[in-house]
Each structure stands twice: as C-alpha cells, then as structure tokens.
Amino acid sequence: LNEVRQYTTETAKQNLDVRRQEGREKHLTPEAGELQEMLEQMQQAQAESKAEAREDAVKMAMALQKEIGEGSVDVETREGKVIIRVREKGSFESGAAELNFEFIPIIAKIRDVLITVEGNVSIEGHSDNIPISTAEFSSNWGLSSARALSVAQELFADGRIDQRRYQVIGYADTKPLAPNDTAQNRALNRRVEIVIQKGKDQELLKRLPTLPDGTVIED
C-alpha cells in the first residue's frame, strides 16, 4: 500500500504596528504607508507560494508513488517550500557518498518534475551525530556535503536543468529530524533533501524600504 503524506505548516501572518513614540506625530509617514502596503503584498505572496508548493508537492508525489511507498523518499510541504527527502536507504552505502546505481532512475524522476516547476532549489546533505573518520571523509561535514553534491551532479547530468537556480550545502548533524538517541532515529537523520523555495515573498523582502522611526513589525 503506497501512502503519500503531505504535511503543511501555516506560518503566522505579519502585522504592521506603527506606534507613536514620545513627542512623535500619530499619523503614518509615507514610508510607513508604503511598508504596510508591501507587507500586505507579502501576505498575499505567501498564500500564493503555499498554494503553488502544494500543487508541486502533489506532482512530485505522483511521480514518486512507488518510492514513497517503499520508504526511500518522502515529499513534504512547509512554509511555501517543497521538500523531497532522499533517505540513505537504497541511495548510499554506509559512510559512502557515491549514489547507488539502482537509485539513479529515481533521481531522474525527480529531475523530470524539477524541470517543470519554478523556484530556487537547495540540495542539502545531512548526517547523524556519530563521528566519521575515514580515508575519504574526516568528518560528517565532508560526508554530508559530498552526498549533496552527488545528488546535484546526477541532476545536472541533464542539460535541461538550469544550474543557476541551485545551491549545494552540507549540514552534517546540525539539523536533525529526530533526536540521535536510537538507530532508527539516526537513520532518519541521514538524508539528502531537495528543497524548492516558492519565494515570491522573498523578492518582496528585498524591496522593503528602510523602516521609519517608531515602526514596529510584529509576528
């Protein structure tokens, strides 16, 4: 039985609170009015990003039904992002960063969908907290980075991929999914995540004006 679970997390809306400081005028300055209008646009953009993320996650989950059912891949949406989580199971040998040959067709499925969706993509490697020291990797930083790079290079093997949208990061054990207190949890933490940022609101953030004196933004 293949089971596709899609998780969504709602983020709190931002409200603009323009407060009068002692000796200041109560009326909104033009800059504060502009800021308020832009924050309203950001709220709308966040809602649109979440809707697009859900659509893209469904598209990705449909392409990966078999792999999701087998537990080798997860698809999740969170805060306007789509996360394709590649488990260590089946993708890499323990302590190695070379993709298993049998997993390459799965990366091809992911690539075929990535080509059709918009947004910047971050390929992120993660490990558990068990120290590693081998001839190839002196730490989990090297292993997690190398695994992320292996996934990226397989994606980039197709010339249709626009590499300008991508970044590759290794996080070692700094962002665990679960406490590293059992073998099962440590296995969950060993993963590569392909994160698609549906970021219309991020572009608006870059355009925010300088805050006028007395302006407070609250979540």
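These numbers were taken from a predicted model, which means no experiment stands behind them.

Asks: Which residues make up the overall build of the chain, and what values do they have?
Replies: Helix and strand content of the chain: six helices and seven strands. Along the chain, helices (α) and strands (β) appear in the sequence β-α-α-β-β-α-β-α-β-α-β-α-β when read from the amino end. Counting all 219 residues of the chain, 40% fall into the buried class. Within the chain, residue pairs in contact and separated by at least 24 positions form 74% of the contacts whose partners lie at least 6 positions apart.

Asks: Pulling in residues and values, what's your account of the pairing of strand S3 (residues 81-87)?
Replies: For S3, a buried count of six out of seven residues is recorded, marking the element as mostly surrounded by other parts of the structure. Two elements, strand S2 (residues 73-78) and S3, share six bridges in a ladder whose sense is antiparallel. For Asp 74, the partnering residue across the bridge sits in S3 and is Arg 85. Joining the antiparallel neighbours S2 and S3 is a turn of two residues, in which Glu 79 adopts a positive phi near 50°. For S3 and strand S6 (residues 191-197), the ladder comprises seven bridges, and the chain directions are antiparallel. For Val 82, the partnering residue across the bridge sits in S6 and is Ile 196.

Asks: Before we move on, can you summarise the packing of aromatic side chains with the specific residues and values?
Replies: Applying the stated criterion across every chain, the model contains one aromatic pair. Seen from their ring centres, Phe 156 and Tyr 166 are 5.4 Å apart, and the 85° between their planes marks the pair as edge-to-face. Linking Phe 156 in helix H4 (residues 140-156) with Tyr 166 in strand S5 (residues 166-170), this pair joins segments that are ten residues apart in sequence. It is Lys 175 that lies over the ring of Tyr 171; its NZ or CZ is 4.2 Å from the centre.

Asks: Residues and numbers for H4, please.
Replies: The end-to-end C-alpha distance of H4, which contains 17 residues, comes to 24 Å, matching closely the 24 Å that a straight helix rising 1.5 Å per residue would cover. Buried residues of H4: Asn 140, Leu 143, Ser 144, Ala 146, Arg 147, Ala 148, Ser 150, Val 151, Ala 152 and Leu 155, and no others. Buried positions along H4 lie against helix H3 (104-114), strand S4 (120-126), S5 and S6. By the N-cap criterion, in which a side-chain oxygen at the helix start approaches the backbone nitrogen of a residue two or three places on, H4 is capped by Ser 139, the distance to Trp 141 being 3.2 Å.

Asks: Mind laying out the pairing of S5, listing which residues take part and the relevant values?
Replies: As paired strands, S4 and S5 are joined by five bridges and run parallel to one another. Within S5, the residue paired with Ile 123 across the bridge is Val 168. Read from S4 through H4 to S5, the crossover connection turns out right-handed.

Asks: Help me get a handle on the sheet that holds S6, residues and values and all.
Replies: With respect to topology, five strands assemble into an open sheet ordered S2-S3-S6-S4-S5, the strand pairing being mixed. Looking along the sheet, the strands with just one partner apiece sit at the ends: S2 and S5. Geometrically, the sheet is characterised by an average inter-axis angle of 20° between neighbouring strands, direction not taken into account. Here H3 sits on the sheet and contacts S2, S3, S5 and S6; the angle it forms with S6, its principal contact strand, is near 10°. Running at roughly 155° to S5, H4 makes contact with S4, S5 and S6 of the sheet.

Asks: Please provide a residue-by-residue account of unusual backbone geometry, values included.
Replies: Unlike most non-glycine residues, Glu 79 shows phi in positive territory, near 50°. As for its placement among the helices and strands, Glu 79 is situated in the loop between S2 and S3. If you check the backbone angles, Ala 172 has positive phi at about 55° while not being a glycine. Along the chain, the position of Ala 172 falls in the loop between S5 and helix H5 (183-189). With a relative accessible area of 2%, Ala 172 lands in the buried category.

Asks: Just give me the short version of H3, but keep the residues and values in it.
Replies: Among the residues making up H3, those that are buried are Ile 106, Ile 107, Ile 110, Arg 111, Val 113 and Leu 114. The arc that holds every buried residue of H3, seen down its axis, measures 165°, which confines them to one face.

Asks: Before we move on, can you summarise the pattern of salt bridges with the specific residues and values?
Replies: One pass over the full model with this rule turns up 14 salt bridges. Between Glu 193 and Arg 85 there is a salt bridge, with the nearest N and O atoms lying 2.7 Å from each other. Note that Glu 193 is positioned in strand S6 and Arg 85 in strand S3, a separation of 108 residues in sequence. Overall, the relative accessible area of 4% leaves Glu 193 in the buried class. We classify Arg 85 as buried; its relative accessible area is 5%. In this structure, the salt-bridge partner of Arg 191 is Glu 193, at a minimum N-O distance of 2.8 Å. Among the charged side chains, a salt-bridge network with shared partners connects Glu 76, Arg 78, Arg 85, Arg 191 and Glu 193.

Rules and cut-offs
- Residues numbered from 1 in each chain as written.
- Predicted model: local features only at pLDDT ≥ 70, side-chain atom pairs only at ≥ 80, totals over all residues.
- Heavy atoms only, no water.
- Helix = DSSP H or I, 4+ residues; strand = E, 2+ residues; numbered from the N terminus.
- Buried < 20%, exposed > 50% of the residue type's maximum accessible area, 1.4 Å probe, protein only.
- Contact = heavy atoms within 4.5 Å.
- Pairing = 2+ DSSP bridges.
- Phe/Tyr/Trp six-rings, centres within 6.5 Å; stacked < 30°, edge-to-face > 60°.
- Lys NZ or Arg CZ within 6 Å of the ring centre and 35° of its normal.
- Expected span 1.5 Å × (residues − 1).
- Polar contact = N/O pair within 3.5 Å; in protein donor to acceptor, adjacent residues only side chain to side chain.
- Right-handed = clockwise from strand over helix to strand, strands pointing away.
- Axes fitted to C-alpha atoms, helices over the stretch in contact; angles between N-to-C directions.
- Arc of directions from axis to C-beta.
- Salt bridge = Lys/Arg side-chain N within 4 Å of Asp/Glu carboxyl O.

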